[in-house]
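Summary of the model geometry
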Amino acid sequence: MQDYRRLRFAEGYASTDPAFARALPFRDTTGRNVAIWRLRARHYMVMRAGLALLTNVHRVLDVGAGNGWLARRLAARYRVTALDVDATDTGLAALDDSRVGRIRGELEALPVRDGTFDVVIVAAALHYAVHLSRALSEIARVLRAGGVLIISDSPFYSDALARHRAWQRTLAYYQAAGVAHLAGRYQGLTRAELDGPGLFRFVTLSPGYEPLRAALGRWRGREAGPRMPVVFGWKR
Ligand SMILES: C[S@@+](CC[C@H](N)C(=O)[O-])C[C@H]1O[C@@H](n2cnc3c(N)ncnc32)[C@H](O)[C@@H]1O
C-alpha cells in the first residue's frame, strides 16, 4: 500500500487537496493527467446514461473506489457504498460524504452479504485483481438476481499475448520506479477472460474515437494498444 500510494502521488493521480476528488472527473486540479481525465469524464457520462436506463437500481457498490469521486457523484441519486483496500487519504479517508457508506475490503473477498446490491461498478480497478475469476464470482455473489456489473477504465487487450507484452512494459515501468513487486497486482483484461466463467452477459459500449484510433493503428501495422471500453454485464 505504501509503495502504491507513493506512486499515485508521483503520477499525479493523488492529491492531499480535498478539491481534487470533488472536481473529478471533469477537472484535474493537479493538471498532470488532463487528457486521461477527459476520457474518463466521457466514460462517466456513458455510465450515468446506462445507469439511468436500468430499472430498479437503488443500491450501488463502487469497488476500488479510491478517493470516492464516483461514489460521491452517484450518491445524489443512489444509495452508494464505496469499497477499497486503501483507507488512507488517497482512498476512503478522502471521502467526506455522509451519504456514502464506506467499507475497507478486498475485491476478491468482498465483505458483503449475498444479493445486497443492484449494481456494482468497478472503475479503473478490475485490472488490479490477481484472480479475475474470483473477483467476478464475488461481484456476482453480492449482486441481486438480474443485477448489473459496470466495468470502466480498465485496459482490455485483444488476446492474452498482447496483454502479456503490455504487462512486460508495466513491469519495466514499475522496476524503473523501484516498485517491481506491484506489477504482480496489475494486469490488463481480455474479453475472453470476462466471458470465461459465464457469470455475466456482457455488452461493450465504446464511446469516443478510441476504436477508430485503434483500427487506424492496426492499419499502419502498429501493435494494437489497449481499449478502455465501458462494459455492462448482466448477472446470469
Ligand atoms: C486506479 S485507482 C481507481 C480509483 C477510482 N475507482 C477511480 O475511478 O478513480 C484503483 C483503486 O483500486 C484499489 N484497489 C487495488 N487493488 C484492490 C483490491 N484488491 N481490493 C480493493 N481495492 C483495490 C486501489 O486502492 C485504488 O484505490
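Here goes a summary of the coordinates provided. All values reported here derive from a predicted model rather than from experimental measurement. (Residues numbered from 1 in each chain as written. Predicted model: local features only at pLDDT ≥ 70, side-chain atom pairs only at ≥ 80, totals over all residues.)

Another point: the overall build of the protein. Each helix and strand in the protein was counted, giving eight helices and nine strands. Relative to its length of 236 residues, the protein is compact, with a C-alpha radius of gyration of 17 Å against a globular reference of 18 Å. The C-alpha extent of the protein, read off along each of the three principal axes, is 45 × 40 × 30 Å. Considering the protein as a whole, with its 236 residues, one finds that 35% of them fall into the buried category. Pairs at least 24 apart in sequence give 63% of the contacts found in the protein among residues at least 6 apart. (Helix = DSSP H or I, 4+ residues; strand = E, 2+ residues; numbered from the N terminus. Rg over C-alpha atoms; globule rule 2.2 N^0.38 Å. Buried ≥ 20, exposed ≤ 12 C-beta atoms within 10 Å, placed from the backbone. Contact = placed C-beta atoms within 7 Å.)

Here the focus is the nonpolar core. Ranked by size, the top nonpolar core spans 51 residues in total, and within it Val 63, Ala 71, Val 120, Ile 121 and Ile 150 carry the most contacts. Among the elements that line this core, the one with the most residues is strand β4 (residues 117-123), at six residues. Residue contacts for Ile 150: discarding those within four places in its chain leaves Met 47, Gly 50, Val 119, Ile 121, Val 230 and Phe 232. (Core = buried A, V, L, I, M, F, W, Y, C linked by C-beta atoms within 7 Å.)

Before going further, it helps to examine helix α6 (residues 160-176). Here α6 spans 24 Å end to end across 17 residues, near enough to the 24 Å set by a 1.5 Å rise per residue. After α6 finishes, the residue Gly 178 shows a positive phi value of roughly 80 degrees. (Expected span 1.5 Å × (residues − 1).)

Further remarks concern the environment of Asp 159. On the secondary structure map, Asp 159 appears in the loop between β6 (156-157) and α6. For the pair formed by Asp 159 and Arg 32, sequence separation is 127 residues and the distance between their alpha carbons is 31 Å.

The environment of the ligand is made up of 14 residues, and the closest members are Gly 64, Gly 66, Asp 86, Ala 123 and Tyr 128. Per-class residue counts for the shell around the ligand are eight nonpolar, three polar and three charged. (Near = placed C-beta within 6 Å. Nonpolar A, V, L, I, M, F, W, Y, C, P; charged D, E, K, R; others polar.)

Moving on, we get to the sheet that holds strand β5 (residues 143-152). Ordered in space as β3-β2-β1-β4-β5-β9-β8, the seven strands form an open sheet in which the pairing is mixed. The open sheet terminates on both sides in strands that have one partner only, identified here as β3 (101-104) and β8 (200-205). Strand-to-strand twist across the sheet, computed as the mean angle between neighbouring axes with direction ignored, equals 20 degrees. In the sheet, β5 pairs with strand β9 (residues 230-235) via four bridges, with the strands oriented antiparallel. (Pairing = 2+ DSSP bridges. Axes fitted to C-alpha atoms, helices over the stretch in contact; angles between N-to-C directions.)

Moving on, we get to unusual backbone geometry. The omega torsion across Leu 24 and Pro 25 is 0 degrees, close enough to zero to call that bond cis. Positionally, Pro 25 belongs in the loop between α2 (18-23) and α3 (34-53). Even without being a glycine, Asn 56 presents a positive backbone phi close to 55 degrees. Here the phi dihedral of Asp 153 falls at roughly 60 degrees; this positive angle occurs in a residue that is not glycine.

Where β8 meets β9, six bridges bridge the pair, whose relative direction is antiparallel. Residue Arg 201 lies in a different strand from β9, and its bridge partner there is Trp 234.

Of all ten residues that make up β5, seven are buried, and the element is covered over most of its length. Where β4 lies against β5, six bridges are found, and the strand directions are parallel. Counted as the bridge partner of Phe 117 is Leu 143 from β5. Note on the crossover from β4 through helix α5 (residues 132-142) to β5: the handedness is right-handed. (Right-handed = clockwise from strand over helix to strand, strands pointing away.)

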